[in-house]
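Observations on the three-dimensional arrangement
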Amino acid sequence: MKIHIVTSSRLHLGFMDLNGSMGRLYGSLGVSLSHPTTEISVKEHHHLSVENVGRDKRRKILDLVEAFAGHYQVDANILISVHKSIPEHKGLGSGTQLALALTTALAQLYGIEADAEELSLISGRGARSGIGIHCFEHGGLIIDSGKKILESRATTANSPKALVRYDFPEEWQFVVIVPKEKQGLSGEQEKKAISFLHPSEKISEEICRLILMRLLPALVEKNVADFGSALSDIDRKTGLFFEPIQGGIYSEKLSHKLIDHLLCSGAYGGGQSSWGPVVYGLTLKEESADVAHRM
């Protein structure tokens, strides 16, 4: 039997609360993208083998297989083929999509009933944001619950639940710019960076109000101009959370110019995904090619 899986990528559009004074941390806003994708296939083999990847990604895949095989007590004699990959460390959620694609394929291959939340725990995903997990399962625009703060000041182990999920309007489209050289933070670097933050409640309050009173109503009403304007404001305020680490509201100085040029080129809103360096602009589908051309 051969299992073939194609995943979406995602834009992480911001956190609602990095202050935590109300007993929860994070709370993410994000949206799935139809491109780029991660595409893998898995089938039984006489030994464990991985093809079409470089050394670093091969190591990540083998670690994921080891974690899965150890948890479910299976002998992973399989051939894993990677046909397409989301660019890594760019802000598109490549790590979560690879982990869920691979572990989901393994679960199907071995007849194991496991949902994305269980598989994300095994593979070490969803430590702060649940957007990638819910994009893998359902797609669309998603707001997650964040993570409850325990008495120990640690957060719960389970990945954040989806509070809101809407189908994204088919007539809207994102123009996505992926700088080739710069890489965003991930893993231990990301964890360490967030531990240094001491953001104010005021930023969180403003972001939550923008989401509830501007962004979501505009989405329901399919008002692209209002939605884009709210998206830009949320992005800039989210950047204020990370200004002490990034040296500005974006991960690199050029991002300001790229986003400004997107807006001047006809995008209704724009910002940086996650730690960047990916930046995006919201357009109408029939206008997206012109905006991309002007970039």
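Whatever comes next refers back to the structure up there.
Here is a short report on the structure shown in this document. (Residues numbered from 1 in each chain as written. Predicted model: local features only at pLDDT ≥ 70, side-chain atom pairs only at ≥ 80, totals over all residues. Heavy atoms only, no water.)

**A closer look at unusual backbone geometry**
Negative phi values dominate among residues other than glycine, just as trans dominates among peptide bonds. Basically, it comes down to this: Helix and strand assignments follow DSSP, with helices taken as H or I runs no shorter than four residues and strands as E runs no shorter than two, numbered in order from the N terminus.
Residue His35 is joined to Pro36 through a cis peptide bond whose omega torsion reads -5 degrees. Relative to the elements of secondary structure, Pro36 occurs in strand β2 (residues 24-44). Positive phi, normally seen in glycine, also occurs at Tyr26, with a value near 75 degrees. Phi at Ser274 is positive, roughly 55 degrees, even though this residue is not glycine. Turning to its location among the elements, Ser274 is positioned in the loop between β9 (269-272) and β10 (279-284).

**Things to note about the pattern of salt bridges**
To be explicit about the condition: A pairing counts as a salt bridge when a side-chain nitrogen of Lys or Arg comes within 4 Å of a carboxyl oxygen of Asp or Glu. Burial here depends on accessible area, computed with a 1.4 Å probe over protein chains only, as a share of the maximum for the residue type. Under 20% is buried, over 50% is exposed, and the range in between is partly exposed.
In total, this model carries eight salt bridges according to the counting rule given. As a salt-bridge pair, Glu88 and Lys60 come within 2.8 Å of each other at their nearest N and O atoms. You can see Glu88 sitting in the loop between β4 (78-84) and α2 (94-109) and its partner Lys60 sitting in helix α1 (residues 55-72), a full 28 residues away along the chain. With a relative accessible area of 25%, Glu88 lands in the partly exposed category. For Lys60, a relative accessible area of 32% corresponds to the partly exposed category. The structure contains a network of salt bridges with shared partners spanning Lys202, Glu206 and Lys237.

**Remarks on the packing of α1 against α2**
Note the threshold: An axis is simply a line fitted to the C-alpha atoms; with a helix, the fit covers only the stretch in contact. Between two such axes, the angle follows the N-to-C directions and lies from 0 to 180 degrees. Roughly parallel means an angle under 35 degrees; roughly antiparallel means over 145; roughly perpendicular covers 65 to 115; every other angle is labelled oblique. We call a crossing left-handed when the near helix sits turned anticlockwise from the far one by less than a right angle, and right-handed when that turn is clockwise. Residue contacts are defined here by distance: any two heavy atoms, one from each residue, within 4.5 Å place the two residues in contact. Each residue is assigned to one class: nonpolar for Ala, Val, Leu, Ile, Met, Phe, Trp, Tyr, Cys and Pro, charged for Asp, Glu, Lys and Arg, and polar for all the others, Gly among them.
Contact geometry for α1 and α2: axes closest at 10 Å, N-to-C directions at 45 degrees. With respect to their mutual orientation, α1 and α2 come out oblique. For the crossing formed where α1 meets α2, the hand is right-handed. Judged by residue contacts, Lys57, Ile61, Leu64, Val65 and Phe68 of α1 engage Leu98, Ala99, Leu102, Thr103, Leu106 and Ala107 from α2. Residue classes in the contact of α1 with α2 are distributed as nine nonpolar, one polar and one charged.

**A few points about the packing of aromatic side chains**
Note the following rule: For Phe, Tyr and Trp, rings pair up if their centres lie within 6.5 Å, where Trp contributes its six-membered ring, and each pair is then called stacked (planes under 30 degrees apart), edge-to-face (over 60) or tilted (otherwise).
Overall, the coordinates contain ten aromatic pairs when judged by the stated rule. Ring centres of Phe241 and Phe242 lie 6.3 Å apart, and the angle between their planes is 80 degrees; this geometry places the pair in the edge-to-face category. Assigned by exposure class, Phe241 and Phe242 land together as buried. Connected via pairs of aromatic rings, a cluster forms that spans Phe15, Tyr26, Phe241, Phe242 and Trp275.

**Points about α1**
Keep this limit in mind: Multiplying 1.5 Å by the residue count of a helix minus one yields the expected span of that helix. Starting at the helix axis, one direction is taken to each C-beta atom, and the arc is that of these directions.
Taking 1.5 Å per residue, 18 residues should reach 26 Å; α1 reaches 26 Å between its end C-alpha atoms and fits that length. Considered for burial, the residues of α1 that qualify are Lys57, Ile61, Leu62, Leu64, Val65, Phe68, Ala69 and Tyr72. The buried residues of α1 occupy one face: seen down the axis, they fall within an arc of 160 degrees. Those residues of α1 that are exposed and aimed more than 90 degrees away from the buried face are Arg55, Asp56 and Glu66. Directly beyond the C-terminal end of α1, a positive phi value near 55 degrees is found at Gln73.

Keep in mind that these numbers describe shape and distance, not what the molecule does.
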